[in-house]
Amino acid sequence: TVDEDLDEEFHIAVGEQAIKLDLSLIYCALILKDGVIKIIAFSGPEAAKIKKAGDLVKDVSKVLGGFGGGNDSFGQGGGKDTLKLKDALLAAEQSILTK
């Protein structure tokens, strides 16, 4: 999802609950605020076998000219190149599809 209205705290709360309900879920939010894109990602225990949340955030952050990381279940990062938002969404999809 891409969100301009809700902050990272909201997406962290949703992501934490979502991976408890669905162990195979990957949750990724790109939060656009004040000319910066923040990335929040969660991978449930089953999903993390395919894509670790920290690795997903690293891949997407690179596209936005930023940095990120994390562990198997949670990652966060961001970047400033808001013109690459669509590219970042495609990068998230590609990162998940490629093991």
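Along each chain, residues carry numbers from 1 onward, in the same order as the chain's sequence is written. The predicted nature of this model means local features are confined to residues of pLDDT at least 70 and side-chain atom pairs, given and counted, to a pLDDT of 80 or more, with totals for whole chains, interfaces and linings taken over all residues. Side-chain calculation: all heavy atoms of the structure are included, whereas hydrogens and water are not.

A.B. asks: Residues and numbers for the nonpolar core, please.
C.D. replies: To form a nonpolar core, buried Ala, Val, Leu, Ile, Met, Phe, Trp, Tyr and Cys residues must be joined to one another through side-chain atoms within 4.5 Å. In this scheme, a residue with accessible area under 20% of its type's maximum is buried, one over 50% is exposed, and one in between is partly exposed, where area comes from a 1.4 Å probe on protein chains only. Among the nonpolar cores identified, the biggest contains 13 residues, and C28, L30, I39, A41, L56, V60 and L64 are the most heavily contacted of them. Elements that contribute at least two residues to this core include exactly β2 (26–33), β3 (36–43), α2 (53–63) and α3 (85–97). Each helix is a run of H or I in the DSSP string that is no shorter than four residues. Each strand is a run of E no shorter than two, and both are numbered from the N terminus. It is α2 that provides the largest number of residues to this core, a total of four residues.

A.B. asks: I'd like to hear about the pattern of salt bridges, residue by residue, with values.
C.D. replies: Salt-bridge detection follows one rule: a side-chain nitrogen of Lys or Arg within 4 Å of a carboxyl oxygen of Asp or Glu. If you walk through the whole model with that rule in mind, you get three salt bridges. For K51, the salt bridge is made with D59, and the minimal N-O distance between the two is 3.7 Å. With relative accessibility at 9%, the residue K51 sits in the buried group.

A.B. asks: Before we move on, could you go through the packing of aromatic side chains and cite the residues and values that matter?
C.D. replies: Centre-to-centre distance and the angle between the planes together describe a pair of aromatic rings. Each pair of aromatic rings taken from Phe, Tyr and Trp, with Trp reduced to its six-membered ring, is defined by centres within 6.5 Å and is described as stacked if the planes are under 30 degrees apart, edge-to-face if over 60, and tilted in the remaining cases. Enumeration according to the criterion identifies one aromatic pair in this entry. Measuring from centroid to centroid gives 4.9 Å for F42 and F74, while their planes differ by 45°, and the two rings are tilted. In this pair, F42 is assigned in strand β3 and F74 in strand β5 (residues 74–79), connecting sequence segments 32 residues apart. A relative accessible area of 24% places F74 in the partly exposed class.

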